Amino acid sequence: MKILVPVKRVIDYNVKPRVKADGTGVDLANVKMSMNPFDEIAVEEAIRIKEAGKAEEIVAVSIGPTKAQETLRTALAMGADRAILVETDEEVEPLAVAKILKAIADEEQPGLVLLGKQSISDDSNQTGQMLAALMGRPQGTFANTVAVDGDSVEVKREVDGGLETVKLTLPAIVTTDLRLNEPRYASLPNIMKAKKKPLDSKTPADFGVDVAPRLTTTNVAEPPVRQAGEKVADVDALVEKIKALGIA
Amino acid sequence: MNTLVLVEHDNSSVNDATLAVVTAAGKLGEVTALVAGHNCGAVADGAAQIAGVSKVLKADDAAYANGLAENVAPLVAGLMDSYDAFLAPATTSGKNIAPRVAAHLDVMQISDILSVEGGKTFTRPIYAGNAIATVESADPKLVITVRGTAFEKAETTGGSASIEDASGPGDAGISSFVSAEIADGGDRPELASAGVIVSGGRALKDGETFESVITPLADKLGAAIGASRAAVDAGYVPNDYQVGQTGKIVAPEVYIAIGISGAIQHLAGMKDSKVIIAINKDEDAPIFQVADIGLVADLFNAVPELTQKLG
């Protein structure tokens, strides 16, 4: 079985995003960029499935600017076998990303597509589900545990009330939640080796996908600022405050 | 505009998350509520009474019993010939189904809306709530998920909608429900709809300490219990306690943060609470920048004392 792992280059999760003064977006100039954390978990899970002898090859894909090569090299250093960069400087919306991934899946015929449940940039949480719909295949979103068994996969999902397990017929699409695993760090020798692994470059046009946006962002603003209140001196003062709120 | 709202339910009653979606849909036009389930007549009856719902569609089929997206999405997509917008709650269930519907319709979904600014214009949070984007759709139909805390809940009574049967392709035959482990909180209110939440962070040391410090205070206030991601990652409490961008987004009347420093991740999940109370021994903790009432103290002394004095 082959596993396809789409990864996205996003602002590093430790960086606090700054909204541009002119309201056109978030300032990404000179900001540290990294692999989307949920996608890192997807790469790790793919490697573990391969290490368990249930997959032969892991193909990482990224859709983005030339620099997304770095993100793909990270995936390769972690343990992916080869990579495909679909190069574009446009912001590609989840629907168009899903269409490109569908075209790649048609060529590669993966048994499993593993990707993050959402990117920490636009927080859409759509790509995996859309890809599943376009491929006409089942989806296991917000995965907590993934167990491949023959021609099916059981996915334990993190849902609002707790956990839910579904059984999907392969090929299937699985999106990762935070607690699925803890991604490994790439070792130095593996980082060196990753430089020699194959990385193909394509464009959206190669797949005949129109990436023109359907949504126009007319403004990006800071969220309303909440003012700090007062500090109370001791527990007695806090008790008074809580009683005044009428909840005790 | 004709809107179709996905009713979230457990085949016996309407989940509260639906009510905010009805309010959001009402800002766009007439509201039809879709109940897809199995033996879900009581849910349809409940949905018909929600104020603002003018019609209920009931799709009663074993294939829809567990809300599998592979089965529900084609049903919705088929019904959308008669509607201009599909709205679902931004719950794990809504997030699972709506993008699949959007792809079937070749529409770009608008996730997690905070407000309706016009017929095709909405605001939504990006970058974990660090920025609010205003977006306008150019698609012929809308597919939307709604953040429950951003809209008033529609009244559960006062409506008298008619109920019609609907049907779709049924079981797609590619997925099946195996089991669910849903936490039983007993008498404790659900995190997503609680009026008061007591939340604990990493400072609580371990699961036993978390329980012995947080639970008595929550009991006294009739509150739900939440936790920061740090406390969940450290294994003090299960994941469904997690409040934050990657957990639950809550907005209770009163949110009490105990031993929580206030990482961006956590603030994104609770900063719309009406009143925030923070207890933390670090006076520079970021949580105090958003707290209405703060107490700088060692929680291991302060919380038991508070619990006792509230008695």
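Structure: above.
Structure report, in brief. (Residues numbered from 1 in each chain as written. Chains lettered and ligands numbered in written order. Predicted model: local features only at pLDDT ≥ 70, side-chain atom pairs only at ≥ 80, totals over all residues. Heavy atoms only, no water.)

**Looking at empty space enclosed by the protein**
Residue and element names in this part refer to chain A. Our working rule: Space inside and on the surface of the protein is sampled on a 1 Å grid over the protein atoms alone, with a cavity defined as a set of points where a 1.4 Å probe fits but cannot get out and a pocket as an open set with protein on both sides within 12 Å along at least 5 of 7 lines; lining residues have an atom within 4 Å of a point. Grid points are joined across faces, edges and corners, and a volume is the space filled by probe spheres set on the points.
A full pass over the atoms with the stated rule returns 1 cavity of 30 Å³ or more. In this structure, the largest cavity occupies an estimated 60 Å³ of space. Looking at the largest cavity, the residues that line it are E93, L95, A96, K99, D210, V211, A212, P213 and R214.

**Here we look at unusual backbone geometry**
Short version of the rule: Strands here are runs of E lasting at least two residues and helices are runs of H or I lasting at least four, both read from the DSSP assignment and numbered beginning at the N terminus. When accessible area is computed with a 1.4 Å probe and restricted to protein chains, residues below 20% of their type maximum are described as buried, those above 50% as exposed, and intermediate ones as partly exposed.
The omega torsion of the bond from L170(A) to P171(A) falls at -5 degrees, within 30 degrees of zero and hence cis. With respect to the helices and strands, P171(A) occurs in the loop between β9 (162-169) and β10 (172-176). The phi dihedral of Q109(A) falls on the positive side, at around 55 degrees, and the residue is not glycine. Q109(A) sits in the exposed class, given a relative accessible area of 60%. Backbone geometry places N11(B), a non-glycine residue, at a positive phi of 70 degrees. Its location among the elements puts N11(B) in the loop between β1 (2-6) and α1 (17-26).

**Here's the deal with the environment of L199(A)**
Residues and elements named next belong to chain A. Note the following rule: Throughout, a contact is declared for two residues whenever any of their heavy atoms are within 4.5 Å.
Mapped onto the secondary structure, L199 falls in strand β11 (residues 199-202). For the pair L199 and A83, spaced 116 residues apart in sequence, the C-alpha to C-alpha distance is 4.6 Å. Ignoring any residue separated from it by four or fewer positions in sequence, one finds L199 in contact with Q69, L72, R73, A83 and L85.

**Quick notes on a nonpolar patch on the surface**
Residue and element names in this part refer to chain A. Spelled out, the test is: The patches described consist of residues with a relative accessible area above 30% and no salt bridge, like charges being joined within 9 Å and nonpolar side chains (Val, Leu, Ile, Met, Phe, Trp, Tyr) within 5 Å. Only the protein chains shown count as cover for residues, and all accessible areas are computed by the Shrake-Rupley method using a 1.4 Å probe. In what follows, salt bridge is the name for a side-chain nitrogen of Lys or Arg lying within 4 Å of a carboxyl oxygen of Asp or Glu.
A surface patch of nonpolar side chains, amounting to about 280 Å² of accessible area, comprises L188, I191 and M192. Its place among the elements puts I191 in helix α5 (residues 188-194). Judged by relative accessible area, I191 falls into the partly exposed class, the value being 35%.

**A short note on the packing of aromatic side chains**
The cut-off we apply is this: Side-chain rings of Phe, Tyr and Trp, where Trp is taken by its six-membered ring, are said to pair if the distance between their centres is within 6.5 Å; with planes under 30 degrees apart they count as stacked, over 60 as edge-to-face, and otherwise as tilted. Think of it as a cone above the ring: NZ of Lys or CZ of Arg counts as a charge over the ring if it is within 6 Å of the ring centre and within 35 degrees of the ring normal.
Tallied over the full model, the rule gives 0 aromatic pairs over all chains. In this arrangement the basic side chain of K117(A) is found over the ring face of F142(A), its NZ or CZ atom lying 5.8 Å from the centre. Across the ring face of F288(B), the terminal group of K231(A) is positioned such that the distance to the ring centre comes to 4.7 Å.

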